[in-house]
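Summary of structural features
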Amino acid sequence: MRTSIALSLLAFSATNTLAFPSRMFDLSFSAEEKRALDAISAKIESDIKEKRVSTPLAPTFVASEQYVSNTGAHAFVPPGPTDLRGPCPGLNAMANHNYIPHNGVATIAQFVQGTYDVFGMGLDLGAFLSIYGAVFDGDLTSWSIGGPPSASLLSSIGLLGTPQGISGSHNKYESDASPTRPDLYQYGNDYKLILDQFNDLYSQPLGPNGYDLTTLTPFRAKRFQQSIANNPYFFNGPFSGVAVQPAAYTFIYRFMSNKSAEYPEGYLNGDVLKSFFAISGSPGHFTWTEGHEQIPNNWYKRAVGDEYTIPFFLLDLNSAAVAYPQFLSVGGNTGTKNSFAGVDITMLTAGVYNTATLAQGNNALCFAFQFAQQAAPDLLKGLFATLTQPLAKINAAFASVFAQLSCPQLQSIDTSQFAQFPGSKGAA
Ligand code: HEM
Ligand SMILES: *[C@@H]1O[C@H](CO)[C@@H](O)[C@H](O)[C@H]1NC(C)=O
């Protein structure tokens, strides 16, 4: 009997569990959505059932399970003039290969399925990211991987305006100091790859697994410093900076790397990196073709049973923050270059966290999610006529995360300090 994701997944692992409280799930999701999500959880459950639940670092490579097709129904088809593409190379590639609808607008269930099928994203992470997108950047059931979708693709459920897609989600989802994408207020867009940034990434010294975290984390520190030095409006937000920015880096290695028997955790070489970033040509002569992100030939995703889950992501987030404590420094430039000021975390969180405790245990991610939850009602007021449905849905997503993290209880936030940061508008 399978009545919800929570029930069907509890079986295999505490850390892999979506742990969706079915009570909230029932309240906020349509019957059709529940059916779709149940179908995915059933598929994933049957994939994983017979496996050991590996520790993150000991996956076993099985070629037939990990090969990702890029032919036939999944052959590369570049986006046409009305197809939407945006800042996320993973989602753009999924759309170009028809793992989500080619037009770039997909439902929560389609995103969960696509991120699992192509990259081995954990159901917990996929569901959270997809629901967050649907509520903040979409129409509650679907969202665009680029800019605003045409009206015909939207349902009319009390939207106050056209949802902006993830390209229009600055400070809610989209963040400054991304690997290859520009800072919004410095360049006027947040999704067109900057060749200098890609060049710089490409020429980093390689780690034992190619462009692995030993390469990407120092590169992130460099990009963080560049934003401080060049973007008067740089803002490192509680959610967009502390939680999304690290994902933009760790996803490159964790998802794009090619898995094999020799490298079960993955090896990411320059050619695969270029393919997923829509880059052609040779170093010094690179060309970026907007929207042409491709799954390489003969490419293998994460091992079944070794999905990249929220707890796994938390480990990566924390090790980056140990090496570079500035990553957890919420704050920004105050209107001129090189004027970075950090906010007082104690004041921001009514004493629940401080700079020292933020770096401990689950706290950084707890803080990021809890801040976003507290900020949600205000942000959603501008998007929906009534908040009941959007809040129920986003709170269900947050509850599923908190069930895994056991966080201290954040009761309220005080964002008055953000007034000194001109780039903090709409921050989560
Ligand atoms: C539903 C799931 C996902 C959502 C909602 C999502 C959303 C986003 C958003 C909003 C950004 C912009 C963040 C920023 O400003 O830096 C982004 C960037 C990025 N995403 Fe995704 N993403 C998802 C799945 C994936 C997957 C499966 C991959 C696999 C490779 C991926 C790889 C990346 C990378 C590498 C970047 C940074 C791009 C750059 O600046 O160079 N994402 N994503
Ligand atoms: C991935 O690794 C396998 C095994 O080494 C190799 O045969 C394949 O060509 C690699 N794929 C890519 C895209 O590099």
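First, a word on scope: everything that follows refers to the structure included in this document. On a predicted model such as this, the values are computed, not experimentally measured, just so you know. In this numbering scheme, every chain counts its residues from 1 along its sequence in written order. Chains and ligands are labelled by the order in which they are written, letters from A for the one and numbers from 1 for the other. pLDDT decides what is reported in this predicted model: residues at 70 or higher carry local features, side-chain atom pairs at 80 or more are listed and counted, and totals for whole chains, interfaces and linings draw on all residues regardless. Remark: hydrogens and water are excluded; side-chain values derive from all non-hydrogen atoms of the structure.

The next point concerns the overall build of the protein. Each helix and strand counted, the protein has 17 helices and seven strands in total. Over its C-alpha atoms the protein spans a radius of gyration of 20 Å, differing by no more than 12% from the 22 Å that the globule rule assigns to 428 residues. Each principal axis of the C-alpha atoms in the protein carries an extent, and together these give about 55 × 55 × 45 Å. The contacts of the protein with a sequence gap of at least 6 include a subset with a gap of at least 24, amounting to 69%. The Shrake-Rupley method, run with a 1.4 Å probe, gives the accessible areas here. Residue values count only the displayed protein chains as cover. When the accessible area of the protein is evaluated, it comes to approximately 16,100 Å², of which 56% is carbon and sulfur surface. Two residue types count as positive, namely Lys and Arg, and two as negative, namely Asp and Glu; His and chain ends fall outside the count. Where a charge sits is defined by one atom per residue type, namely NZ (Lys), CZ (Arg), CG (Asp) or CD (Glu). Between the averaged position of the 24 positive side-chain charges in the protein and that of its 31 negative side-chain charges there is a distance of 1 Å. The helix and strand labels rest on DSSP assignments: H or I over at least four residues marks a helix, E over at least two residues marks a strand, and numbering proceeds from the N terminus. For the radius of gyration, the atoms used are the C-alpha atoms, and the globule rule reads 2.2 Å times the number of residues raised to 0.38. Contact definition: two residues touch when any of their heavy atoms are within 4.5 Å.

Let us now look at the side chain of E307. If you trace the backbone, E307 turns up in the loop between β5 (287-288) and α13 (310-323). A 1.4 Å probe rolled over the protein chains alone gives each residue an accessible area, and that area as a share of the maximum for its type sets the label: buried under 20%, exposed over 50%, partly exposed in between. Here a salt bridge means any side-chain nitrogen of Lys or Arg lying within 4 Å of a carboxyl oxygen belonging to Asp or Glu. Of the side chains with opposite charge, K301 lies nearest to the buried E307, which makes no salt bridge, at 5.7 Å. For E307, the side chain forms a polar contact with the main-chain nitrogen of G305, separated by 3.1 Å. For the purposes of these results, a polar contact is taken to be a pair of N or O atoms within 3.5 Å, where, inside protein, one atom must be able to donate a hydrogen and its partner to accept one; residues adjacent in sequence count only when each atom of the pair is a side-chain atom.

Within the largest apolar cluster, 105 residues are counted, with the highest numbers of intra-cluster contacts made by Y132 and F239. Of the residues forming this core, the biggest block, twelve residues, is contributed by helix α16 (residues 363-381). Apart from the residues lying within four places of it in its own chain, the contact partners of Y132 are D137, K172, Y173, F239, A372, I394, F398 and A428. Residues grouped as a nonpolar core are buried Ala, Val, Leu, Ile, Met, Phe, Trp, Tyr and Cys residues, joined through side-chain atoms within 4.5 Å.

Looking at where R220 falls in the secondary structure, it is placed in helix α10 (residues 213-230). C-alpha of R220 to C-alpha of S142: the two residues are 78 residues apart in sequence and 31 Å apart in space.

Just one protein ligand coordinates the iron atom of ligand 1, and it is C88 (SG) at 2.3 Å. Among the structural elements, C88 can be located in the loop between α4 (63-66) and α5 (89-96). Note that water is not among the atoms used; donors are N, O and S atoms within 2.8 Å of the metal (3.2 Å for Na, K and Ca), so sites may look incomplete.

Pairing is antiparallel in the open sheet, where three strands are placed in the order β3-β6-β7. Unpaired on one side and paired on the other, β3 (235-236) and β7 (341-342) mark the two borders of the sheet. Two strands form a pair only when DSSP identifies at least two bridges running between them. Note: strand β6 (residues 331-332) against β7, two bridges, orientation antiparallel. Each residue of the ladder has a partner; that of G332, found in β7, is A341.

Attention now goes to the state of the cysteines. Two cysteine sulfurs form what is called a disulfide whenever their separation falls within 2.5 Å. The full count for this structure, using the stated rule, is one disulfide. With a sulfur-sulfur separation of 2.0 Å, C366 is cross-linked through a disulfide to C407. In this structure, the disulfide formed by C366 and C407 twists by about -80° around the S-S bond and is classed as left-handed. Placement of C366 in helix α16 and of C407 in the segment after α17 (388-405) is noted, with a sequence separation of 41 residues between them.

A word on the pattern of salt bridges. Under the defined criterion, the tally for this structure stands at nine salt bridges. Ionic pairing is found between E33 and K393, a salt bridge with its closest N-O pair at 2.9 Å. Placement of E33 in helix α3 (residues 31-48) and of K393 in helix α17 is noted, with a sequence separation of 360 residues between them. The shortest N-O distance in the salt bridge between R181 and E293 comes to 3.5 Å. Within this pair, whereas R181 is found in the loop between β2 (142-144) and α8 (184-187), its partner E293 is found in the loop between β5 and α13, the two being separated by 112 residues in sequence. You'll find R181 and E293 in the same group, each marked buried.

A single heavy atom is enough: if one lies within 4 Å of a molecule or strand, its residue is considered near that molecule or strand. Every one of the 26 residues lining ligand 1 counts as a neighbour, but C88, E174, S175, S178 and T180 are closest to it. At a separation of 2.6 Å, an oxygen atom of ligand 1 approaches a polar side-chain atom of S178. R181 has a polar backbone atom sitting 3.3 Å from an oxygen atom of ligand 1. For the shell around ligand 1, the element with the highest residue contribution is helix α11 (residues 240-256), accounting for six residues. Nonpolar residues are Ala, Val, Leu, Ile, Met, Phe, Trp, Tyr, Cys and Pro. Charged residues are Asp, Glu, Lys and Arg, and all others, Gly as well, are polar. Residues that form the shell around ligand 1 fall into these classes: 18 nonpolar, six polar and two charged.

Stacked, tilted and edge-to-face are the three classes assigned to paired rings of Phe, Tyr and Trp, where Trp is represented by its six-membered ring and a pair needs centres within 6.5 Å; plane angles under 30 degrees give stacked, over 60 edge-to-face, the rest tilted. The final tally for this structure, using the stated rule, is 41 aromatic pairs. Site record: aromatic cluster; members linked through ring pairs are F119, F251, F255, F276, W299, Y308, F312 and F313. Here, over-ring charges are defined by two tests on the NZ atom of lysine or the CZ atom of arginine: distance to the ring centre within 6 Å, and angle to the ring normal within 35 degrees. Taking NZ or CZ as reference, R220 lies 3.6 Å from the ring centre of F327, over its face. Here the basic side chain of K301 rests over the ring of Y116, its NZ or CZ set 4.2 Å away from the ring centre.

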